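Now for the letters of each chain:
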2 protein chains.
Amino acid sequence: MRIGELSSTSGVPVSTIKYYLREGLLPTGRLTSANQAQYDEHHLRRLTLVRALVDVGGLSIATVREVLDAVDASDSGAVRMVHDGITAVPATDPDAAAEQEASSFLTRCGLPYEPDNPATRSLVAVIATARRLGHPHFTDQLGVYADACRRIAEADVDRVMRHSSVEDVLEGVVVGTVLGDAAMVALRRLAQLQEYRRQSGPR
Amino acid sequence: MRIGELSSTSGVPVSTIKYYLREGLLPTGRLTSANQAQYDEHHLRRLTLVRALVDVGGLSIATVREVLDAVDASDSGAVRMVHDGITAVPATDPDAAAEQEASSFLTRCGLPYEPDNPATRSLVAVIATARRLGHPHFTDQLGVYADACRRIAEADVDRVMRHSSVEDVLEGVVVGTVLGDAAMVALRRLAQLQEYRRQSGPR
């Protein structure tokens with residue numbers, strides 16, 4: 001297909017496709033004349049992944065390039081790279097008590113405790129904030145969250161691992177994780193409202 | 001207690017307490033001399049709530065004032081006001097297909113569909129983005145999220161409703177909801193990592 005068709009099929013503007021080509025995020029097409037190139041299914045799949053990484057995941061062009069290098073090298077670290085890249089790391093002061101609480105909570109839940117993991121940093125920041133606000137045992141209420149998240153994560157990973165190409169797996173990781181965060185937050189709010197109404201009785 | 005003790009007990013700087021007093025978010029203390037006032041447990045509870053609404057919930061001073069007016073009028077709408085106030089509403093273009101998908105998904109899950117609710121707007125925005133990215137049935141994967149969020153919400157509401165003062169209930173709503181969002185997102189990431197490892201076998 002020509003660049004116009006690649007654009008209409010993917011929904012990505014021609015100018016954006018040209019930018020990705022210049023940045024080396026998309027391999028050049030097969031030249032059929034001096035200024036015309038043909039693109040195929042491989043380009044389409046790669047384009048969909050790049051858009052997900054950039055637009056949905058908010059990854060920098062440099063990080064996207066690293067991810068694609070890992071994909072091309074069939075490096076199994078690509079999923080981890082994407083996963084870490086889409087997890088915001090909050091800026092926090094060191095807090096030994098919060099660190100200790102996170103570590104024992106995760107161990108108790110059977111979840112991995114890796115101090116450098118962005119998600120671990122994020123959890124420690126939450127615990128530190130709760131402590132500052134006078135809630136020294138915030139993780140006591142998180143056991144039900146850990147169980148619920150394990151169920152969600154099983155379904156998430158089952159779904160993306162079913163894809164046959166590594167591009168589709170990674171696209172699924174980004175879209176499912178980032179959009180899934182927002183969906184999960186919204187659904188919790190709606191479930192809370194319903195529960196407040198139930199516990200407050202008929203109005 | 002004097003303002004200095006109110007500050008050290010609450011962990012809120014004296015200058016911030018004075019700002020809240022000027023803005024009418026905290027009732028003035030009982031004057032014991034021309035320039036000295038005494039504060040009590042009621043001030044402390046109110047101060048803790050104001051700080052949670054402003055610092056954790058990110059509510060504007062005007063919204064905090066409305067919430068406190070509702071608290072003082074024993075208006076049962078205060079929880080809903082706080083809940084709506086801490087839910088970000090994304091700016092989105094109208095999307096009839098996404099709206100329809102959200103409505104039938106929520107109905108199927110037994111969750112309330114209220115078009116103007118900020119959480120509903122947020123869910124519609126997620127569905128619209130997924131559609132634009134070529135995932136026309138994103139809600140198919142959200143059933144497990146809805147179940148998990150219902151369990152979390154039950155525990156959340158049970159916990160905050162146990163408080164006896166409305167200030168403590170509202171403080172619990174803000175802290176539990178906002179910090180709970182971040183904790184839930186972090187725990188899902190960690191559970192996903194563990195599940196990726198499990199499904200990929202020993203490395």
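Residues numbered from 1 in each chain as written. Chains lettered and ligands numbered in written order. Predicted model: local features only at pLDDT ≥ 70, side-chain atom pairs only at ≥ 80, totals over all residues. Heavy atoms only, no water.

Visitor: Pulling in residues and values, what's your account of the packing of helix 6 (residues 96-109) of chain B against helix 7 (residues 118-132) of chain B?
Guide: Residue and element names in this part refer to chain B. One can describe the packing of helix 6 onto helix 7 by two numbers: an axis separation of 8 Å at closest approach and a directional angle of 120°. Accordingly, the angle class assigned to the pair helix 6 and helix 7 is oblique. By crossing handedness, the relation of helix 6 to helix 7 is classed as right-handed. On the side of helix 6, the interface is formed by Ala97, Ala98, Glu99, Glu101, Ala102, Phe105 and Leu106, while helix 7 contributes Thr120, Arg121, Leu123, Val124, Ile127, Ala128 and Arg131. Split by residue class, the contact of helix 6 with helix 7 holds 9 nonpolar, 1 polar and 4 charged. (Axes fitted to C-alpha atoms, helices over the stretch in contact; angles between N-to-C directions. Helix = DSSP H or I, 4+ residues; strand = E, 2+ residues; numbered from the N terminus. Parallel < 35°, antiparallel > 145°, perpendicular 65-115°, else oblique. Left-handed = near helix turned anticlockwise from the far one by under 90°. Contact = heavy atoms within 4.5 Å. Nonpolar A, V, L, I, M, F, W, Y, C, P; charged D, E, K, R; others polar.)

Visitor: Any details on the pairing of strand 1 (residues 30-33) of chain A? Residues and values, ideally.
Guide: Residues and elements named next belong to chain A. Relative to strand 2 (residues 36-38), strand 1 is paired through 3 bridges, and the arrangement is antiparallel. Counterpart to arginine 30 in the pairing with strand 2 is glutamine 38. As consecutive antiparallel partners, strand 1 and strand 2 are separated by 2 residues. (Pairing = 2+ DSSP bridges.)

Visitor: Could you give an account of the environment of tyrosine 113 of chain A, naming the residues involved and the relevant values?
Guide: Residue and element names in this part refer to chain A. Mapped onto the secondary structure, tyrosine 113 falls in the loop between helix 6 (96-109) and helix 7 (118-132). Along the sequence, tyrosine 113 and leucine 170 sit 57 residues apart, while their C-alpha atoms lie 24 Å from each other. Excluding its chain neighbours within four sequence positions, the residues that come into contact with tyrosine 113 are Glu99, Ser103, Leu106 and Thr120. Separated by 2.7 Å, the side chains of tyrosine 113 and glutamate 99 make a polar contact. (Polar contact = N/O pair within 3.5 Å; in protein donor to acceptor, adjacent residues only side chain to side chain.)

Visitor: So what about the relation of the copies chain A and chain B? Which residues, and what values?
Guide: Placing chain A over chain B gives an RMSD of 0.0 Å and needs a rotation angle of 180°, together with 0.0 Å of translation along the axis. The transformation just described matches what one would write down for a two-fold rotation axis. Relative to the rotation axis, the C-alpha of alanine 148 of chain A is the closest in chain A, positioned 2.5 Å from it. Interface overlap between copies: 100% of the residues of chain A at the interface are likewise at the interface in chain B, consistent with a symmetric, same-surface contact. (Least-squares fit on C-alpha atoms with pLDDT ≥ 70 in both.)

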